[in-house]
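Structure at a glance
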Amino acid sequence: MKAVIMAGGRGTRLSEIARDIPKPMVPVGGMPVLEYEIGMLREQGFTEIIMTLGHLGSVIMDYFGDGSGVSPATGKPFGVQIEYFVEETPLGNAGALLLLRDRLGEDFLLLNGDVVFSADLRRMVAFHREKHALATLFVHPNSHPYDSGLLIEREDGAVLEWLTKEAARPEFYHNTVNAGLHVLNIRVIDDLLAAGAAGKLDLDRQVLRPLAGTGTMFCYHSPEYVKDMGTPDRLAAVRRDFASGRVQSSALTHPQKAVFLDRDGTINEYVGFLRRAEELRLIDGAAEAIRKINDSGYLAIVVTNQPVIARGETSFEQLDEIHRKLETLLGHEGAYVDDLFFCPHHPDAGYPGERPEYKIPCECRKPQPGMLLAAAKKYNIDLSKSWMVGDSGRDVQAGQNASCRTALIGDGEYGQTLRVDSLLDFANRLPDLTE
């Protein structure tokens, strides 16, 4: 499969730092961002690369050549085959694709040349093919969803709506943001050509957004590292993350660490069985705690028993609204969860309106470890280096059954590794607890 790298950005917001080089050539970790991106592709077997160039494109061509040479930064071979497409007139960030149509395969990767990422793209390609998608978008939560473009998806991951930064949004929403890595099928280009598209094109607004609601564009969720370094502040943050090793270790080819979080009584106030979104209120300090977990290199993953489904007291849509509110409230405070797993089962019968199909013993209801094991399989998590944090013995036992270290919020003795006063107390201690 070929990879197309859009490397023609002018980098005007970085002009104070990089006046004479294009933005993809700004150094991070001792090499240009673009070289790190090419290395990530090569390591995963994507060795046929097409770059679209514009401003100062000769700097890129002189550095990389056709990909058969040796890196001036590392002294190692680039190990790829590079073709170039130089835009004589600006074509936006997608117009060149129309002119490259005959050089692309059935499916191809489409990447921004100014994004630092560490991701297992092979997983994304497999997902794309499993869905028979025309377009697959790498999506993740971020710390500012309130002013980001958002994607609203249906249960199978197909994009229903593409909300721009300026668009009105629902009161509560999932923190699902397009990260700038894509897999496209050639039919996307063919359909544009058939519709008479030509010249300058905007990838998001004119190519991808129109696919929302068609059932052909899907969200691929991943917690792996993907960040734009297009401003001085973002560049500084990316350089810090690179120096700490966080960038390199985030790919799911490497074992991950997670903090598994109970929901009720740990993140939000305990109100008994929480049945409606209006009942959800964050515990003071919970968002700050999760923000610190986000910054620590651990994944933040919620695992919660929700017997209200089996009891017939809450529908799946009502539960989803609760979780949309949770993500919205956290996002307003710069925090996010990387994923959320819930168990809808309850083994005891006899409730009015109960749903018999969920009144069963299961392996996911805590203290069983099923939700933690499912997350570990999905994200290649090393459970022995992870934590389960909750306010009950059931949470501690689930963590123990998954071979995690455990932290109990409040009083009690269940053999936990650590007792803490709150989630924020745990997060403040986490740097000293890390191996």
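Above this note sits the structure.
Quantities reported herein were computed from a predicted structural model and do not represent experimental measurements. (Residues numbered from 1 in each chain as written. Predicted model: local features only at pLDDT ≥ 70, side-chain atom pairs only at ≥ 80, totals over all residues. Heavy atoms only, no water.)

A look at helix H10 (residues 316–332)
Selection criterion: Runs of E in the DSSP output that reach at least two residues are strands. Runs of H or I that reach at least four are helices, and both are numbered from the N terminus. By definition here, a helix of n residues has an expected span of 1.5 Å times n minus one. Think of it in three bands: with a 1.4 Å probe and only protein chains considered, a residue is buried below 20% of the maximum accessible area for its type, exposed above 50%, and partly exposed in between. Any two residues whose heavy atoms approach within 4.5 Å are treated as being in contact.
The terminal C-alpha atoms of H10 lie 24 Å apart, and with 17 residues this matches the ideal 24 Å at 1.5 Å per residue to within 8%. Those residues of H10 not exposed but buried are Leu319, Ile322, His323, Arg324, Lys325, Leu326, Glu327, Thr328, Leu330 and Gly331. Where the residues of H10 are buried, they touch helix H9 (286–296), strand S15 (299–305) and strand S16 (339–343). At the exit of H10 stands Gly334, carrying a positive phi of roughly 75 degrees.

Side note on the sheet that holds strand S18 (residues 405–409)
Here is the rule we go by: Two strands make a pair as long as DSSP finds a minimum of two bridges between them. Helix axes are fitted to C-alpha atoms over the stretch in contact, other axes to C-alpha atoms as well, and angles between N-to-C directions run from 0 to 180 degrees.
In space, the 6 strands of this open sheet follow the order S16-S15-S14-S17-S18-S19, with parallel pairing throughout. At either margin of the open sheet sits one strand with a lone partner, and together these are S16 and strand S19 (418–420). Across the sheet, the axes of successive neighbouring strands diverge by a mean angle of 20 degrees, strand direction being ignored. Sheet topology note: the S18/S19 ladder contains 3 bridges and is parallel.

Some words on the side chain of Thr176
Position of Thr176 relative to the elements: it lies in the loop between strand S10 (159–163) and strand S11 (177–185). Classification of Thr176 by relative accessible area gives buried; the value is 4%.

Focus: the sheet that holds strand S1 (residues 2–6)
Strand pairing in a sheet is mediated by backbone hydrogen bonds. Such pairs are either parallel or antiparallel. Pairing is mixed across the open sheet formed by 7 strands, whose spatial order is S5-S4-S1-S6-S11-S8-S12. Edge positions in the sheet fall to strand S5 (81–86) and strand S12 (217–221), since each has one partner strand and no second. Neighbouring strand axes in the sheet, compared pairwise and without regard to direction, differ in orientation by 25 degrees on average. With 5 bridges connecting them, strand S6 (residues 107–112) and S11 associate as antiparallel partners.

Section: the pattern of salt bridges
As a working rule, side chains carrying opposite charge can pair if their charged atoms are close by. The test is simple: By salt bridge we mean one thing: a side-chain nitrogen of Lys or Arg within 4 Å of a carboxyl oxygen of Asp or Glu.
Taken as a whole and assessed by the stated rule, the structure comprises 28 salt bridges. Of the charged contacts in the structure, one is a salt bridge between Asp156 and Arg154, with a shortest N-O distance of 2.7 Å. With relative accessibility at 37%, the residue Arg154 sits in the partly exposed group.

Here's the deal with the nonpolar core
Threshold: Nonpolar cores were defined as sets of buried Ala, Val, Leu, Ile, Met, Phe, Trp, Tyr and Cys residues, with membership established by side-chain atoms within 4.5 Å.
In terms of nonpolar packing, the biggest core is built from 49 residues, with Met51 and Phe64 touching the most fellow members. When residues of this core are assigned to their parent elements, the largest contribution, 6 residues, is made by helix H1 (residues 33–43). Dropping the residues within four chain positions of it, Phe64 is found in contact with Met25, Leu34, Glu35, Ile38, Met51, Phe78, Ile82 and Tyr84. In this structure, Phe172, Leu274, Leu282 and Ala289 belong to the second largest nonpolar core, which totals 33 residues.

Examining the packing of H1 against helix H2 (residues 57–64)
We apply this condition: Should an angle fall under 35 degrees it is called roughly parallel, over 145 degrees roughly antiparallel, and 65 to 115 degrees roughly perpendicular, with every other angle called oblique. Throughout, a crossing is termed right-handed when the near helix is turned clockwise from the far one, and left-handed when it is turned anticlockwise from it by less than a right angle. Gly is placed with the polar residues, together with every amino acid not listed as nonpolar (Ala, Val, Leu, Ile, Met, Phe, Trp, Tyr, Cys and Pro) or charged (Asp, Glu, Lys and Arg).
For the pair H1 and H2, interaxial distance at closest approach is 11 Å and the crossing angle is 50 degrees. Put simply, H1 runs oblique to H2. Read as a crossing pair, H1 and H2 show a hand that is right-handed. Residues Leu34, Glu35 and Ile38 of H1 lie in contact with H2, whose contacting residues are Ile60, Tyr63 and Phe64. A class-by-class count of the residues in the contact of H1 with H2 yields 5 nonpolar, no polar and 1 charged.

What to know about the packing of aromatic side chains
To keep things clear, this is the line we draw: Side-chain rings of Phe, Tyr and Trp, where Trp is taken by its six-membered ring, are said to pair if the distance between their centres is within 6.5 Å; with planes under 30 degrees apart they count as stacked, over 60 as edge-to-face, and otherwise as tilted.
Taken as a whole and assessed by the stated rule, the structure comprises 9 aromatic pairs. The interplanar angle of 50 degrees and the centroid separation of 6.2 Å between the aromatic rings of Phe316 and Phe342 together place this pair among those described as tilted. On the criterion of sequence distance, the pair formed by Phe316 in helix H10 and Phe342 in strand S16 is long-range, its members being 26 residues apart. Residue Phe342 is classed as partly exposed on the basis of its relative accessible area, which comes to 31%. On the basis of an interplanar angle of 65 degrees and a centroid distance of 5.6 Å, the ring pair of Phe316 and Tyr358 is categorised as edge-to-face. One end of the pair, Phe316, is in helix H10; the other, Tyr358, is in the loop between S16 and helix H11 (370–379), and 42 residues separate them in sequence.

Structural notes on the pairing of strand S17 (residues 387–390)
For clarity, the threshold we go by: Handedness of a crossover is defined as follows: with both strands directed away from the viewer, a clockwise route from the first strand across the helix to the second makes it right-handed.
Side-chain alternation along S17 places Trp387 and Val389 on one buried face and Met388 and Gly390 on a second face that is also buried. Looking at chain direction, strand S14 (residues 258–261) and S17 are connected through 3 bridges and run parallel. Its bridge partner being in S17, Val259 is matched across the sheet by Trp387. Handedness of the crossover joining S17 and S18 through helix H12 (residues 393–401) is recorded here as right-handed.

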